[in-house]
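Chain residues, written in single-letter form:
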Amino acid sequence: MKRLCLWLFLLAPLSATAAIDAYEFSNESNEERFHELTGELRCPKCQNQNIADSDAPLAADLRREVHRMVEEGEPDASIIDFMVTRYGEFVLYRPRVTATTWLLWYGPFVLLGIGLLVVFMISRNRRNRQTLSENSTATEAQPGQTEGYSPSDNLTPEEAERLNKLLQQEKDQ
């Protein structure tokens, strides 16, 4: 009994079959157009598959409709317009550039530009800080100067000496 159940479980996947649509075309160019169009149109139900790969009943209906329109000699633009009119811009994997899709098409480039600008500003700030710290270090290291005294201060050498002593006392506490 266990062996029978085991064999049934092992053979069960072999019974699963997928429906394959077989369309007859009047010429090869129509067949190529059909495959291109079904590859470009998104299944409204599956949302992440084109109608050529989807097993949804809606996708099968859309494939039949595309086949019918291709065989009737409709141009690709009118077939796509029909699908967009019926199901909205969502059926297109590559939406058209319109006022409503401008952000979708150009938004990533704008964000990239803003990111590059931020990186440039941060690096320029760091460079300026580094230059300022190097200048202040060079000013402090000049010979004949009291430590902590800078030429820009309007202090006499005696006042600077007294200030440095007070600062040193504060550090020691």
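The numbers attached to residues start from 1 for each chain and follow its sequence in the written order. Residue-level local features of this predicted model are given only where pLDDT is at least 70; pairs of side-chain atoms are given and counted only at 80 or more, and the full residue set underlies all totals for whole chains, interfaces and linings. For the side-chain quantities, the full set of heavy atoms in the structure was used; hydrogens and water were omitted.

Trainee: So what exactly am I meant to see when it comes to the overall build of the protein here?
Mentor: Each helix is a run of DSSP H or I of at least 4 residues and each strand a run of E of at least 2, with the numbering of both proceeding from the N terminus. Looking only at helices and strands, one finds six helices and zero strands in the protein. Counting from the amino terminus, the protein carries its helices and strands in the arrangement α-α-α-α-α-α. The criterion used for residue contact is that any of the two residues' heavy atoms lie within 4.5 Å. Contacts in the protein between residues at least 24 apart in sequence constitute 45% of all its contacts with a sequence separation of at least 6. Using a 1.4 Å probe, accessible areas were evaluated by the Shrake-Rupley method; residue-level cover was limited to the displayed protein chains. Put simply, the protein shows about 13,600 Å² of open surface, and 58% of that area lies on carbon and sulfur atoms.

Trainee: I would appreciate a short explanation of a negative patch on the surface in the present structure.
Mentor: Together, Glu-28, Glu-31, Glu-32 and Glu-36 give the surface a local cluster of negative charge. Looking at the secondary structure, you find Glu-32 in helix α2 (residues 28-40). The patches reported here contain residues having more than 30% relative accessible area and no salt bridge. Joining distances are 9 Å for like charges and 5 Å for nonpolar side chains (Val, Leu, Ile, Met, Phe, Trp, Tyr). Salt bridge, as applied in this entry: a Lys or Arg side-chain nitrogen positioned within 4 Å of an Asp or Glu carboxyl oxygen. His is not counted here, nor are the chain ends, while Lys and Arg score as positive and Asp and Glu score as negative. Note that the charge is assigned to NZ on lysines, CZ on arginines, CG on aspartates and CD on glutamates.

Trainee: Can you help me understand the pattern of salt bridges in this one?
Mentor: Under the definition given, this model contains seven salt bridges. A salt bridge links Arg-96 to Asp-81; the shortest N-O distance between them is 2.5 Å. In this pair, Arg-96 sits in the loop between α4 (76-87) and α5 (102-140) while Asp-81 sits in helix α4, placing the two residues 15 residues apart along the sequence. Through salt bridges with shared partners, one network takes in Glu-65, Arg-68 and Glu-72.

Trainee: It is not clear to me how the side chain of Arg-63 should be interpreted in this structure. Could you clarify?
Mentor: Tracing the backbone shows Arg-63 in helix α3 (residues 57-71). Burial classes: relative accessible area under 20% of the type maximum marks a residue as buried, over 50% as exposed, and values in between as partly exposed (1.4 Å probe, protein chains only). Judged by relative accessible area, Arg-63 falls into the buried class, the value being 10%. Polar contacts here mean pairs of N or O atoms no more than 3.5 Å apart (in protein, one a potential hydrogen donor and the other a potential acceptor; neighbouring residues in sequence count only if both atoms are side-chain atoms). One polar contact links the side chain of Arg-63 to the main-chain carbonyl oxygen of Ile-51, over a distance of 2.4 Å.

Trainee: What am I meant to see in a nonpolar patch on the surface here?
Mentor: A contiguous nonpolar surface patch, about 1,200 Å² in accessible area, is contributed by Val-97, Trp-102, Leu-103, Leu-104, Trp-105, Tyr-106, Phe-109, Val-110, Leu-111, Ile-114, Val-118 and Ile-122. Inspection of the secondary structure assignment puts Ile-122 in helix α5. Residue class for Ile-122 comes out partly exposed when judged on its relative accessible area of 43%.

Trainee: I keep staring at the packing of α2 against α4 and nothing clicks. Help me out?
Mentor: Between two packed helices, both the angle of their axes relative to each other and the distance between the axes serve to describe the pair. Note on method: axes are straight lines fitted to C-alpha atoms, helices fitted across the in-contact stretch only, with angles between N-to-C directions ranging 0 to 180 degrees. As a packed pair, α2 and α4 sit with axes 11 Å apart at the nearest point and diverge in direction by 30 degrees. For the crossing formed where α2 meets α4, the hand is right-handed. Residue-level contacts link Arg-33, Leu-37 and Glu-40 of α2 to Asp-76, Ile-79 and Ile-80 of α4. Crossings are assigned a handedness: left-handed for a near helix turned anticlockwise from the far helix by less than a right angle, right-handed for a clockwise turn.

Trainee: Is there a simple way to explain the packing of aromatic side chains in this structure?
Mentor: Between two aromatic rings, the relevant description is the distance of the centres plus the angle of the planes. Pairing of aromatic rings covers Phe, Tyr and Trp, the last counted by its six-membered ring, and requires centre-to-centre distances within 6.5 Å; plane angles under 30 degrees mean stacked, over 60 mean edge-to-face, and any other angle means tilted. For the structure shown, the criterion picks out three aromatic pairs. Ring centres of Phe-25 and Phe-34 lie 5.3 Å apart, and the angle between their planes is 50 degrees; this geometry places the pair in the tilted category. A relative accessible area of 5% places Phe-34 in the buried class. Aromatic side chains Trp-102 and Tyr-106 sit 5.5 Å apart centroid to centroid with 45 degrees between the ring planes, which places their arrangement in the tilted category. Residue Trp-102 and its partner Tyr-106 are both found in helix α5; the two are separated by four residues, about one turn of the helix. Judged by relative accessible area, Trp-102 falls into the partly exposed class, the value being 45%. Looking at Arg-42, its charged tip hangs above the ring of Phe-90, at a distance of 4.7 Å from the centre. We call a charge positioned over a ring when the NZ of a Lys or the CZ of an Arg lies within 6 Å of the ring centre and within 35 degrees of the ring normal.

Trainee: For this particular structure, what's the right way to read the side chain of Arg-42?
Mentor: One can find Arg-42 in the loop between α2 and α3. There is no salt bridge for the buried Arg-42, and the closest opposite charge comes from Glu-89, which lies 9.5 Å off by N-O distance. A distance of 3.0 Å separates a polar atom in the side chain of Arg-42 from the backbone oxygen of Phe-90. A polar contact of 3.5 Å, which involves the side chain of Arg-42, links it to the backbone oxygen of Leu-92. If near-sequence neighbours (up to four positions away) are discounted, Arg-42 is found in contact with Gln-47, Gln-49, Asn-50, Ile-51, Phe-90, Val-91, Leu-92 and Tyr-93.

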